[in-house]
Amino acid sequence: MLSLSGTGLLVALVVAAGSVCQVLSGVGFALVVSPLVIVTLGHDPGVRTVLILSVVLNLAVLIRMPGQVRPKDALSLLIPAALAIPLMIAVKDRLSGPAIDVGAGLAILAATAVTAAGRRLPFFEGRSGAVVAGGLSGSLNVLAGAAGPPVALFAAARRWPPAQTSATLQAYSLPLNLLTLIALGLPDTADLGEMAWSAVGLGVGTAVSLPFVHRVPPAVVRWITLLIAAVGGTLLLVTAFT
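Residues numbered from 1 in each chain as written. Predicted model: local features only at pLDDT ≥ 70, side-chain atom pairs only at ≥ 80, totals over all residues. Heavy atoms only, no water.

So, on to the overall build of the protein. The secondary structure content of the protein amounts to ten helices and zero strands. Once the C-alpha set of the protein is aligned to its principal axes, its extents read approximately 50 × 45 × 30 Å. Here the protein holds 242 residues, and 46% of them are scored as buried. A separation threshold of at least 6 residues defines the contact pool for the protein, and within that pool the share at least 24 residues apart is 84%. Counting every atom, the protein has about 11400 Å² of accessible surface; 71% of that belongs to carbon and sulfur. With 13 positive and 8 negative side-chain charges, the protein shows a separation of 18 Å between the mean positions of the two kinds. (Helix = DSSP H or I, 4+ residues; strand = E, 2+ residues; numbered from the N terminus. Buried < 20%, exposed > 50% of the residue type's maximum accessible area, 1.4 Å probe, protein only. Contact = heavy atoms within 4.5 Å. Areas by Shrake-Rupley, 256 points an atom, 1.4 Å probe, with all protein chains shown as cover. Lys, Arg positive; Asp, Glu negative; His and termini not counted. Charge placed at Lys NZ, Arg CZ, Asp CG, Glu CD.)

Within the secondary structure layout, Phe241 lies in the segment after α10 (218-240). Spatially, the C-alpha atom of Phe241 lies 43 Å from that of Pro71, the residues being 170 residues apart in sequence.

For the rest of this paragraph, the subject is the packing of aromatic side chains. This structure, assessed with the given rule, holds one aromatic pair. Centroid distance Phe154 to Trp160: 5.8 Å. Interplanar angle 85 degrees. Geometry classified as edge-to-face. Relative accessible area serves as the criterion here: at 2%, Phe154 is assigned to the buried category. Judged by its relative accessible area of 9%, Trp160 falls in the buried class. (Phe/Tyr/Trp six-rings, centres within 6.5 Å; stacked < 30°, edge-to-face > 60°.)

On to the UniProt feature "transmembrane region" (unreviewed entry) in the protein. Per the UniProt record, "transmembrane region" (unreviewed entry) is annotated on residues 45-63, 75-91, 97-118, 130-157, 195-214 and 220-241. In this annotation, residues 130-157 is assigned 89% helix and 0% strand; the end-to-end C-alpha distance for the span is 11 Å. With 75% helix and 0% strand, residues 195-214 has its two end C-alpha atoms placed 30 Å apart. (UniProt positions renumbered as here; feature names shortened; annotations may be inferred.)

So, about the packing of helix α5 (residues 97-117) against α10. Between α5 and α10, whose axes approach to 8 Å, the crossing angle comes to 160 degrees. Between α5 and α10, the crossing angle belongs to the class labelled roughly antiparallel. The hand of the α5/α10 crossing is left-handed. Residues Pro98, Asp101, Val102, Ala104, Gly105, Leu106, Ile108, Leu109, Thr112, Thr115 and Ala116 of α5 touch α10, and the partners they reach there are Arg222, Trp223, Leu226, Ala229, Ala230, Gly233, Thr234, Leu236, Leu237 and Ala240. Partitioned by chemical class, the residues of the contact of α5 with α10 number 14 nonpolar, five polar and two charged. (Axes fitted to C-alpha atoms, helices over the stretch in contact; angles between N-to-C directions. Parallel < 35°, antiparallel > 145°, perpendicular 65-115°, else oblique. Left-handed = near helix turned anticlockwise from the far one by under 90°. Nonpolar A, V, L, I, M, F, W, Y, C, P; charged D, E, K, R; others polar.)

Here helix α6 (residues 129-144) contains 16 residues, and its C-alpha end-to-end distance of 22 Å stays within 8% of the 22 Å for a straight helix at 1.5 Å per residue. Most of α6 sits inside the fold, with 13 of its 16 residues counted as buried. Immediately beyond the C-terminal end of α6, within one or two residues, lies Gly145, with a positive phi of roughly 65 degrees. (Expected span 1.5 Å × (residues − 1).)

The next thing to look at is the pattern of salt bridges. Inspection of every chain in the model, using the stated rule, returns three salt bridges. Residue Asp73 pairs with Arg70 through a salt bridge whose shortest N-O separation is 2.8 Å. Classification of Arg70 as partly exposed rests on a relative accessible area of 28%. A salt bridge links Lys92 to Asp93; the nearest nitrogen and oxygen atoms lie 3.5 Å apart. Relative accessible area serves as the criterion here: at 5%, Lys92 is assigned to the buried category. We classify Asp93 as exposed; its relative accessible area is 55%. By sharing partners, the salt bridges in this structure join Asp44, Lys92 and Asp93 into a single network. (Salt bridge = Lys/Arg side-chain N within 4 Å of Asp/Glu carboxyl O.)

Take a nonpolar patch on the surface next. A cluster of nonpolar residues, Val200, Val204, Val208 and Phe212, forms a patch on the protein surface that exposes about 310 Å² of accessible area. Inspection of the secondary structure puts Val204 in helix α9 (residues 192-209). (Patch = residues over 30% accessible without salt bridge, like charges linked within 9 Å, V, L, I, M, F, W, Y side chains within 5 Å.)

Bringing helix α2 (residues 29-41) into the picture now. Taking 1.5 Å per residue as the helical rise, α2 with its 13 residues ought to reach 18 Å, and the 17 Å between its terminal C-alpha atoms agrees with that figure. A large share of α2 lies buried, amounting to ten of its 13 residues. Buried within α2 are the following residues: Phe29, Ala30, Leu31, Val32, Val33, Ser34, Pro35, Val37, Ile38 and Leu41. Where α2 terminates, the next one or two residues include Gly42, which has phi positive at roughly 100 degrees.

This part is about the environment of Asp188. For Asp188, the location among the structural elements is in the loop between α8 (162-184) and α9. A C-alpha to C-alpha distance of 9.0 Å links Asp188 and Pro45, two positions 143 residues apart in sequence.

Pasting the structure below:
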């Protein structure tokens with residue numbers, strides 16, 4: 001049973017906004033949700049919440065397009081990403097609370113800027129591209145629960161068709177999110193109330209946005225998404241210093 005609280009309602013609203021952005025533009029769930037949820041719940045509970053919700057979205061997409069997955073490419077990204085998880089956790093555990101939030105805020109802002117630029121970057125090409133993209137993605141997942149931008153740029157550098165890009169990145173992100181969640185630790189009973197409100201926000205945001213698919217220009221939603229993500233990353237930095 002849900003208990004009414006300001007924190008729970010705020011989490012639900014943030015998750016609903018991220019769901020709307022994801023449904024209408026195809027990007028932005030973690031970028032929108034992660035910084036605001038981290039500010040609201042704290043770093044580790046916030047990241048765990050984002051990871052659990054991302055797993056639900058990963059499954060929802062994969063069920064719709066399993067035949068579009070590029071298994072070898074997903075695995076080539078997953079291996080370096082998985083290896084980066086314990087290394088980044090070791091670094092994170094050596095930092096104080098404010099320093100972790102600074103790192104997460106900077107990671108969100110960097111990911112937002114790279115996504116906004118939309119340019120193919122040379123270090124994501126070639127044989128080492130999967131190692132670089134996967135390593136950065138796994139590190140970002142630990143810091144902020146936002147693994148998508150590096151691997152999205154990896155896919156763009158290889159000019160995969162949109163359906164293959166979406167399906168392959170979900171097939172990659174699903175095990176990565178589960179591994180990251182296990183490494184960080186599963187939610188405890190104190191987090192269950194916020195998790196329930198997150199589920200409500202995810203359902204409401206998805207239901208509200210579905211009728212508007214193909215009616216709202218994706219480019220408009222994309223820029224609104226990136227603006228919200230930039231504001232969230234900046235807010236995370238500000239709160240870390242206050």
